[in-house]
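# Coordinate analysis (summary)
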Amino acid sequence: MSTQRKSILSGRMVQRAILDSFRKLNPVMMIKNPVMFVVELGAMLVLLQMLLPGILGRSSHTGFNIAVFVILLITILFANFAEALAEGRGKAQADHLKKTKQQVMANKRVGGGLRSVPSTELRKEDIVVVSQGEMIPGDGEIIEGLASVDESAITGESAPVIKEAGGDFCSVTGGTLVVSDSIVVRITNDPGESFIDRMISLVKGAKRQRTPNEIALGTLLAVLTVIFLIVVFTLKPIADYLNIELETAVLISLLVCLIPTTIGGLLSAIGIAGMDRVTQYNVLAMSGKAVEAAGDVNTMILDKTGTITYGNRMAAELLPVGAGTEAELANWAAISSQFDETPEGRSVLALLRERGLIYDELLARSGDSIEFKAETRMSGVDLPDGRRVRKGAVDAIRRWVAEQSGQIPDDLEAVTHRVAVAGGTPLAVAVDAVIYGVIYLKDTVKPGMKERFEQLRKMGIRTIMCTGDNPLTAATIAQEAGVDDYIAECKPEDKIDVIRREQAAGKLVAMTGDGTNDAPALAQADVGLAMNSGTVSAKEAANMVDLDSDPSKLIEVVGIGKQLLMTRGALTTFSIANDIAKYFAILPAMFMLAIPQMSVLNVMKLGSPLSAVLSALIFNAVIIPLLIPIAMRGVKYRPMSSQRLLSRNLLIYGLGGVVAPFIGIKLIDLFVHLWI
Ligand SMILES: Nc1ncnc2c1ncn2[C@@H]1O[C@H](COP(=O)(O)OP(=O)(O)OP(=O)(O)O)[C@@H](O)[C@H]1O
Ligand SMILES: [K+]
Ligand SMILES: [Mg+2]
């Protein structure tokens, strides 16, 4: 189900990234990254020293200065390249989407007729008619009709999907193609605010905001940089006092080796690549914060219909209760569904047609429609003679009948039970105080759910199914799907309550949903994943949209979030461990320059002091591109407890970070020493 988009790094993307690396040298852009900005300042100072010798104190080695300048420049370019490369895929995808966003002509309803207008002139609330072979001119909701729509331009999925008025499958996206039938669509967005527009600005990263985590880490790196700046600057007077000559280029080299350039250079690439990985799974994340929150999720709330099950609840049987006959039940079930545009409502009329049963259509049409609401969990018709016809959740109908002092038939319980234990949804049908029977709505659990929830359990995530359905149906489906817990007879506000309760207990909550009634809960959750098939309000409230409408995709998103957090942690550990190791390589060499007796400290037996400094600096530069693959792909992630993951990563990246420079610098020194 979860299709991962193909993603090859094309030559063109690399070319573009190289050009961008130079463009990003602009100090105005550079200052956003304080660590690399200090490196750039250092490079400029060394350049100044080369151009105006003596201005920053004595300098005896022009060749050395040139080498330091070049290596510093390359260090910055490497960091820029990492960021540009991470941005590249999004930019390429944005270009592709822009092509999708072509202007089309729309048939807009004006007065009684239709007028052909360019899609760019459509506004919110405009009504358009789209027929077979035509492109849907803007985002909207179907208000009449049913059509199969090819959404491949957005989802990459070539099989057309059925879209219909009423219910949770009524939303359509501009730029998708109607392949059969004709629909009437109410436009829901003004120009420039469409789904494709949002997608373009998202994948392009135009409005990419740094996440709180990123900002915190960035601040820490900036503080470290300032501390080392002070340390290195105070070395100068101390050395002067001791009559030791420390050259500017050497001091700057020491500074650059000490400040966290590795993580400083890779930090934004890690964030962008994480977002990009989410997009490759066909999930649109509105912010990096949402992806990171996914990495820390403890509880996952899912709705039943359309999320765990396929959601095409169809009337399969009519089960009379009490004195009611099948014919009477069929009649009232159909009348209650006359104006019910939900798939459930229409399936009742379809069942009658299929069975050759008739109902009093004239009577039905003369009534007033009572629309289905998640709050009442009923729908129906008020007839002109004052009779009220309803169908709905059994407990809701029971209460409604009881309020009118009606009798509850003895066999209602047993019939309801039979439907519920089979995992079906029972809808009771009543006219005023009399219950005539039950409609059996069938639904199917999507395949593979049990295995997916098992995986979540291993990651330490608890799953809770929230459904408007009765407790028994809920229990049956919960068991079949293998969720940890369920809440039945859930109203929209109950879902929010569950989320708030979990959040109050310090949990991070993820929720998936597709209906308008899910929207408030999607907004309340830390991670809200809406199905692309769902309603516009659900998609707007959520901070992620799954283009494949596969709720179990949350598992991948959680994995990617965890991976993102881990990658950042691992590379920060590696970077700082590295800097400590470099310190021990470079500091003895520096003082050896002035005090040859210090050579006992040269434990690494590096060729010469200058070659030691250069080697450390070269290592500091090349480690950035060497780590780009890890930054882009993310460190390996297997479902296990975060405690074990943490100690494992500390061992690999902390210890590795200390050891790698000693080996790397020694090897580089073997070559560098040949020239110096
Ligand atoms: N068209 C309808 N007419 C009358 N009653 C309905 C209709 N559709 C659903 N119901 C009843 O209302 C209940 C709540 O439906 P709703 O679609 O709001 O469920 P939900 O809260 O989204 O939960 P889930 O999607 O997990 O089932 C259903 O379980 C059913 O008993
Ligand atoms: K460094
Ligand atoms: Mg629902």
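Predicted, not measured: the structure shown is a model, and the values here were computed from it.

Around ligand 1, a shell composed of 24 residues is seen, among which Lys304, Thr305, Asp340, Thr342 and Ser379 lie nearest. Elements with a minimum of two residues in the shell around ligand 1: helix H11 (304–308), strand S13 (378–382), strand S14 (388–393) and strand S15 (425–431). A total of three residues in the shell around ligand 1 trace back to one element, the largest contributor, which is S14. Considering only residue class, the shell around ligand 1 consists of seven nonpolar, eight polar and nine charged.

Turning our eyes to something else, we now look at helix H12 (residues 326–337). If you check H12, its first and last C-alpha atoms are 16 Å apart, about what twelve residues at 1.5 Å a residue would give, namely 16 Å. Buried residues dominate H12, accounting for nine of its twelve residues. Regarding H12, the residues found buried are Leu329, Ala330, Asn331, Trp332, Ala333, Ala334, Ile335, Ser336 and Ser337.

Right, let's talk about the UniProt feature "transmembrane region" (unreviewed entry) in the protein for a bit. UniProt's entry tags residues 35–56, 62–82, 215–238, 250–273, 583–604, 610–630 and 650–675 with the feature "transmembrane region" (unreviewed entry), counted in the numbering of this structure. End-to-end, the C-alpha atoms of residues 610–630 are 31 Å apart, and along that stretch the chain is 100% helix and 0% strand. With 100% helix and 0% strand, residues 650–675 has end C-alpha atoms that lie 38 Å from one another.

Bound to the potassium ion (ligand 2) on the protein side are Val256 (O), Cys257 (O), Ile259 (O), Thr261 (OG1), Asp579 (OD) and Asn620 (OD1), at distances that span 2.4 to 2.9 Å. Taken together, the six donor atoms coordinating the potassium ion (ligand 2) span angles of 64 to 163° at the metal, a pattern that classifies the geometry as irregular. Spacing between the donor residues of the potassium ion (ligand 2) along their common chain follows V-C-x1-I-x1-T-x317-D-x40-N. Within this pair, whereas Cys257 is found in helix H8 (residues 248–258), its partner Asn620 is found in helix H23 (residues 609–633), the two being separated by 363 residues in sequence. Comparing Cys257 with Asn620 shows no difference in burial state: the two are buried.

This part takes up the sheet that holds strand S19 (residues 509–513). With respect to topology, seven strands assemble into an open sheet ordered S9-S21-S20-S19-S10-S17-S18, the strand pairing being mixed. Two strands in the sheet have a free side with no partner beyond their single neighbour: strand S9 (283–285) and strand S18 (485–487). Taking each pair of neighbouring strands and ignoring which way they run, the sheet shows an average axis angle of 20°. Bridging between strand S17 (residues 462–466) and S18 involves three bridges; their strand directions are parallel. Directly across from Met465, in S18, lies its bridge partner Tyr486.

This structure, assessed with the given rule, holds 33 salt bridges. We note a salt bridge from Glu454 to Arg457, for which the minimum N-O separation is 2.8 Å. One end of the pair, Glu454, and the other, Arg457, are both in helix H17 (residues 449–458), three residues apart, so they sit about a helical turn from each other. With relative accessibility at 33%, the residue Arg457 sits in the partly exposed group. With its nearest N and O atoms 2.7 Å apart, the salt bridge here joins Asp546 to Lys553. The class of Lys553 is buried, set by a relative accessible area of 0%. Here the salt bridges do not stand alone but share partners, grouping Asp20, Arg23, Lys24, Glu83, Glu87 and Lys91 into one network.

Its location among the elements puts Ile358 in the loop between helix H13 (343–355) and helix H14 (361–365). A relative accessible area of 74% places Ile358 in the exposed class. Taking the C-alpha atoms as reference points, Ile358 and Asn331, 27 residues apart in sequence, are found 6.9 Å from one another.

The next thing to look at is the packing of helix H3 (residues 34–51) against helix H4 (residues 62–100). Axis angle and axis distance: for two packed helices, these are the angle between their axes and the distance between the axes, and together they describe the pair. Running from amino to carboxyl end, H3 crosses H4 at an angle of 155°, the nearest separation of the two axes being 9 Å. Viewed along their axes, H3 and H4 adopt a mutual orientation that is roughly antiparallel. The crossing of H3 and H4 is left-handed. For the pair H3 and H4, contact is made by Met36, Val39, Glu40, Gly42, Ala43, Val46, Leu47, Gln49 and Met50 and by Asn65, Ile66, Val68, Phe69, Leu72, Thr75, Ile76 and Ala79, respectively. For the contact of H3 with H4, the per-class residue count stands at twelve nonpolar, four polar and one charged.

With that settled, consider helix H10 (residues 288–295). Along H10, seven of the eight residues are buried, which leaves the element largely enclosed by surrounding structure. Inspection of H10 places Gly288, Ala290, Val291, Glu292, Ala293, Ala294 and Gly295 among the buried residues, and these make up the whole buried set.

What follows deals with unusual backbone geometry. In this structure, Ser405 takes a positive phi of about 55° despite not being glycine. The topology assignment puts Ser405 in the loop between helix H15 (394–403) and helix H16 (412–421). Its relative accessible area of 68% is what places Ser405 among the exposed residues. Positive phi is not limited to glycine here, since Asp432 has a value of about 50°. Position of Asp432 relative to the elements: it lies in the loop between S15 and strand S16 (434–442). Take Asp432: its relative accessible area is 23%, and that puts it in the partly exposed class.

This paragraph deals with the side chain of Thr535. Position of Thr535 among the secondary structure elements: in the loop between strand S20 (527–531) and helix H21 (536–541). Taking relative accessible area as the criterion, Thr535 reaches 2% and is therefore assigned buried. Contact partners of Thr535, with chain neighbours within four places excluded, come to Glu141, Gly167, Asp168, Ser171, Asp514, Gly515 and Thr516.

Judged by pairing direction, the sheet is antiparallel, and its six strands sit side by side in the order S11-S16-S15-S14-S13-S12 without closing on themselves. Both edges of this open sheet fall to strand S11 (314–320) and strand S12 (368–373), since each of them pairs with a single strand only. With direction set aside, neighbouring strand axes in the sheet form an average angle of 20°. Both S14 and S15 contribute to a ladder of five bridges, which runs antiparallel. Across the sheet, residue Val389 finds its bridge partner in S15, namely Val431. The sheet strands contacting H12 are S11, S13, S14, S15 and S16, and the helix crosses S11 at an angle near 135°. With respect to the sheet, H13 is in contact with S11, S14 and S16, its orientation differing from that of S11 by roughly 70°.

Definitions and limits used
- Residues numbered from 1 in each chain as written.
- Chains lettered and ligands numbered in written order.
- Predicted model: local features only at pLDDT ≥ 70, side-chain atom pairs only at ≥ 80, totals over all residues.
- Heavy atoms only, no water.
- Near = heavy atom within 4 Å.
- Helix = DSSP H or I, 4+ residues; strand = E, 2+ residues; numbered from the N terminus.
- Nonpolar A, V, L, I, M, F, W, Y, C, P; charged D, E, K, R; others polar.
- Expected span 1.5 Å × (residues − 1).
- Buried < 20%, exposed > 50% of the residue type's maximum accessible area, 1.4 Å probe, protein only.
- UniProt positions renumbered as here; feature names shortened; annotations may be inferred.
- Donors = N, O, S within 2.8 Å, 3.2 Å for Na, K, Ca; no water.
- Tetrahedral: all angles 85-135°; square planar, octahedral: opposite > 155°, others 65-115°.
- Pairing = 2+ DSSP bridges.
- Axes fitted to C-alpha atoms, helices over the stretch in contact; angles between N-to-C directions.
- Salt bridge = Lys/Arg side-chain N within 4 Å of Asp/Glu carboxyl O.
- Parallel < 35°, antiparallel > 145°, perpendicular 65-115°, else oblique.
- Left-handed = near helix turned anticlockwise from the far one by under 90°.
- Contact = heavy atoms within 4.5 Å.

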